[in-house]
Amino acid sequence: MEKLSEFILRENRSVFDDMVTHRFVEDIKADRLPKDAFERYLVFEGAFVETAISIFAYATAKAETMADRRWLIGVLDALANQQIAYFERTFVARGIDVNGCDVNVSAVARFRDGMLSIARDGGFIDVVAAMFAAEWMYWTWSKEAAEHAISDPLLAEWIGLHTDETFAAQATWLKERLDTAGKTLDQGQRQHLSAVFGKAMRLEIDFHTAAYDQEATA
């Protein structure tokens, strides 16, 4: 039987490709990401990382094994003490007024609320599928972006956070966790998780597009 992660990626190849070739990604690779788009993205993403802590907390509460709980506790630690710390430093270094950027614009709010609802209302493996979408996507395009010259040191650091061993291990764990679960799931359940992945990816596309929306700061 085809591994669940491979089935999900195959079923969602088009939307996944749309995200990893998004204008935001291509601008980073070409070292032309507009300053205001990056800074708007930083505020949006910094707010979402706080939401991701809640998402992984739901997963931790819903996990059925201590091994899963231990891993997820490590993920929570990395989010709180590495990624949040990056945003705190970056906001200060760039003089970004977080309160001057509306994180409740439509696409950003849909992403936050949509991902949170999957974690709140779905089962453990639903959360894994949604976060696999986010993290496999980031790891995929960040590895490619890291091969290009990036003149902004804080943007280069952000890419580095998504290509280091810790993040790679996290993305791989989500993939492997899906594959393990997939061995006992029927076709309907596999299709459901594929739909969760696809929903998360479409939310990601709109979220990244919002970084270019000049109305986002109005």
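A brief report on the enclosed structure follows.

What counts, and where the lines are drawn
Residues numbered from 1 in each chain as written. Predicted model: local features only at pLDDT ≥ 70, side-chain atom pairs only at ≥ 80, totals over all residues. Heavy atoms only, no water. Buried < 20%, exposed > 50% of the residue type's maximum accessible area, 1.4 Å probe, protein only. Helix = DSSP H or I, 4+ residues; strand = E, 2+ residues; numbered from the N terminus. Contact = heavy atoms within 4.5 Å. Core = buried A, V, L, I, M, F, W, Y, C linked by side-chain atoms within 4.5 Å. Salt bridge = Lys/Arg side-chain N within 4 Å of Asp/Glu carboxyl O.

### Some remarks on helix α1 (residues 4-11)
- For α1, the set of buried residues is Leu4, Ser5, Phe7, Ile8 and Leu9.
- Next to the buried residues of α1 lie α2 (13-20), α7 (124-145), α9 (165-182) and α10 (187-209).

### Side note on the nonpolar core
- In this structure, Ile28, Met115 and Trp141 are the most contacted members of the largest nonpolar core, which totals 83 residues.
- At 16 residues, α7 tops the list of elements feeding residues into this core.
- Setting aside residues up to four positions removed in sequence, Trp141 forms contacts with Val20, Phe24, Val25, Ile28 and Ile159.

### Some words on the environment of Ala119
- Counting through the fold element by element, Ala119 comes out in helix α6 (residues 106-121).
- Put simply, Ala119 and Leu9 are 110 residues apart on the chain and 20 Å apart in space, counted from C-alpha to C-alpha.
- When sequence neighbours within four positions are dropped, the list of residues in contact with Ala119 reads Ile55, Tyr58, Lys62 and Val127.

### What to know about the side chain of Thr90
- Following the sequence through the fold, Thr90 ends up in helix α5 (residues 66-94).
- Overall, Thr90 belongs to the buried group, its relative accessible area being 1%.
- With residues near it in sequence (within four places) discarded, Thr90 still touches Leu42, Ile96 and Leu154.

### Details of the pattern of salt bridges
- Per the stated rule, a full pass over the model turns up 17 salt bridges.
- Between Asp36 and Arg40 there is a salt bridge, and its shortest N-O distance comes to 3.8 Å. Of this pair, Asp36 and Arg40 are both found in helix α4 (residues 35-62), 4 residues apart, which corresponds to roughly one turn of the helix.
- Across the salt bridge formed by Arg110 and Asp206, the nearest N and O atoms sit 3.3 Å from each other. Of this pair, Arg110 sits in helix α6 while Asp206 is found in helix α10, placing the two residues 96 residues apart along the sequence.
- Residue Arg110 is classed as partly exposed on the basis of its relative accessible area of 39%.
- With relative accessibility at 32%, the residue Asp206 sits in the partly exposed group.

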